[in-house]
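A structural walkthrough
Single-letter residue listing:
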Amino acid sequence: MRLGKLDNDKLESLVLNKIHHRRREVKCAPNVGIDCAAVDLGGRLAVMSTDPITSADKNVAALTVHVSCNDAAAAGAEPIGLLVTLLIPPSATFEQIDELTDELSQAADEAGVDIIGGHTEVTDSVTRIVTSATVIARAINDKPLAPSEMKKGDSIIMTKWAGLEGTAIIASDMREKLKSALTDEELDEASGFISSISVVKEGLYAARNGATAMHDITEGGVYGALWELAYSSGTGITIDRDAIRIHPLTRRICAELNIDPYRLISSGCMLIAAPNGEEMVEGLKNIGIESAIIAHAEGEGVTLADGTPVEKPGADELYKVLR
């Protein structure tokens, strides 16, 4: 099998279709494009999500914390705590564990969450340290925002730059290979994109200010996230490709490695569907988040403005260069 997420049809047939739902307290069940669960705990809605970090060698701690918190924010929920699992190969050193846990603590401080538990184990089932985090969050509204709630006529806003996470990972993990194409200063800047990996700020703002749906952009990149948003809502999407913001360093790295920035993992970017698109962009700017309207919920299927269809997500571009 190829690396990365299962294709959506395989995910449905092999996994999702076999999950049974029995408890009335469960308010949000797993589905394609839905990254969080929601449970009613006697009038208060708890939102939860879990993610492993498997595609990066550096900045693992920041990704462990922020990727899970981002899922909660995309559901309109404020992250409260994290359960973190560390799977450690026998070849690892105590110094590596010490460094990782220091970084986890710092990232949790930056995210405003507590690490409230988890599991630590040395195992020969992994060849490098693998982390996984489960976030527990508190819903802002009386129900979580879900991609299925996007409505025809909504504007779709993207925050920050496409390929943000992928750029940071590649610049950090493939620094030597890229030195012929970028200066040390440019590689430092691209690696530093990891500091913009959180979408909690924009997610909580959008949830309070009229968003109908949100989806953070992870594996499969911008095109993959738009496709999942359309699939989940049953609504077509027309994409203005020229409006998708891509940092010049991302363009240069992707050109050097012959990968597609529109299909590159992009944690740190949020898709926000809202009827008040221009107001949302202006409001995000006022809180220090740059964004742009990149698409509209309309028509059938997922297409570019010229009618070219956008295929459903496959393997992320990151796996083409890191494996």
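Throughout, a residue's number is its position along its own chain's written sequence, starting from 1. Selection of residues for local features in this predicted model requires a pLDDT of at least 70, selection of side-chain atom pairs for listing and counting requires 80 or more, and totals for whole chains, interfaces and linings are taken over all residues. Side-chain descriptors were evaluated using all non-hydrogen atoms of the structure, hydrogens and water having been removed beforehand.

**Looking at the overall build of the chain**
On a plain count of helices and strands, the chain comes out with eleven helices and twelve strands. Put simply, the radius of gyration uses C-alpha atoms, and a globule should come to 2.2 Å times the residue count raised to 0.38. Relative to its length of 323 residues, the chain is compact, with a C-alpha radius of gyration of 19 Å against a globular reference of 20 Å. Along the first, second and third principal axes, the C-alpha set of the chain runs to 55 × 50 × 40 Å. Only protein chains enter the accessibility calculation, which uses a 1.4 Å probe; a residue whose area is less than 20% of its type maximum is buried, one above 50% is exposed, and one in between is partly exposed. Out of the 323 residues in the chain, the part that is buried amounts to 52%. By definition, residues are in contact when any of their heavy atoms lie within 4.5 Å. Summarising the internal contacts of the chain: among those between residues at least 6 apart in sequence, 82% fall at separations of at least 24. Per-residue and other accessible areas were derived by the Shrake-Rupley procedure at a 1.4 Å probe size, with only the shown protein chains allowed to occlude residues. Of the roughly 15,000 Å² of accessible surface on the chain, 49% is carried by carbon and sulfur atoms. Separation between the mean location of the 30 positive side-chain charges and that of the 49 negative ones in the chain comes to 5 Å. Secondary structure counts use DSSP, requiring at least four H or I residues in a row for a helix and at least two E residues in a row for a strand, with both numbered from the N terminus. Neither His nor the chain ends is counted toward charge; the positive residues are Lys and Arg and the negative residues Asp and Glu. Where a charge lies is defined by one atom per residue type: Lys uses NZ, Arg uses CZ, Asp uses CG and Glu uses CD.

**Some points on the packing of helix α7 (residues 200-208) against helix α10 (residues 277-286)**
The contact between α7 and α10 brings their axes to 11 Å, and the two run at 135°. One way to sum up the angle between α7 and α10 is to call them oblique. Handedness of the α7/α10 crossing: right-handed. Residues E202, Y205 and A206 of α7 lie in contact with α10, whose contacting residues are M280, G283 and L284. Classification used: nonpolar for Ala, Val, Leu, Ile, Met, Phe, Trp, Tyr, Cys and Pro, charged for Asp, Glu, Lys and Arg, polar for all others including Gly. Among the residues making up the contact of α7 with α10, the classes are represented as four nonpolar, one polar and one charged. Helix axes use the C-alpha atoms of the stretch in contact, all axes being lines fitted to C-alpha atoms, and the angles between their N-to-C directions lie in the range 0 to 180 degrees. Here roughly perpendicular refers to angles of 65 to 115 degrees, roughly parallel to angles under 35, roughly antiparallel to angles over 145, and oblique to all remaining angles. Two helices crossing with the near one rotated counterclockwise from the far one by less than a right angle form a left-handed crossing, whereas a clockwise rotation gives a right-handed crossing.

**Notes on a negative patch on the surface**
Distance thresholds for patches are 9 Å for like charges and 5 Å for nonpolar side chains (Val, Leu, Ile, Met, Phe, Trp, Tyr), applied to residues having over 30% relative accessible area and no salt bridge. By definition, a salt bridge exists where a carboxyl oxygen of Asp or Glu is found within 4 Å of a side-chain nitrogen of Lys or Arg. Negative charge collects at one region of the surface, where E95, D98, E99, D102 and E103 lie side by side. Considering the arrangement of structural elements, one finds D98 in helix α3 (residues 94-111). With a relative accessible area of 47%, D98 lands in the partly exposed category.

**Observations concerning the packing of aromatic side chains**
When the centres of two rings from Phe, Tyr and Trp lie within 6.5 Å, Trp using its six-membered ring, the rings pair. Their planes under 30 degrees apart give stacked, over 60 give edge-to-face, and anything left gives tilted. Within the structure shown, the criterion is met by three aromatic pairs. Both rings, one in W161 and one in F193, keep their centres 5.3 Å apart while their planes meet at 40°; by these two values the pair is tilted. Of the two residues, W161 sits in the loop between β7 (155-159) and α4 (164-173) while F193 sits in the loop between α6 (184-191) and α7, which places them 32 residues apart along the sequence. Judged by relative accessible area, F193 falls into the buried class, the value being 5%.

**Side note on helix α2 (residues 60-74)**
The α-helix winds at 3.6 residues per turn, so residues separated by three or four positions along the chain end up facing the same way. Between the first and last C-alpha of α2 there are 21 Å, a value that for 15 residues agrees with the 21 Å anticipated at 1.5 Å per step. Positioned one or two residues after α2, G76 has a phi angle of 75°, which is positive. Here a helix's expected span is defined as the number of its residues, less one, multiplied by 1.5 Å.

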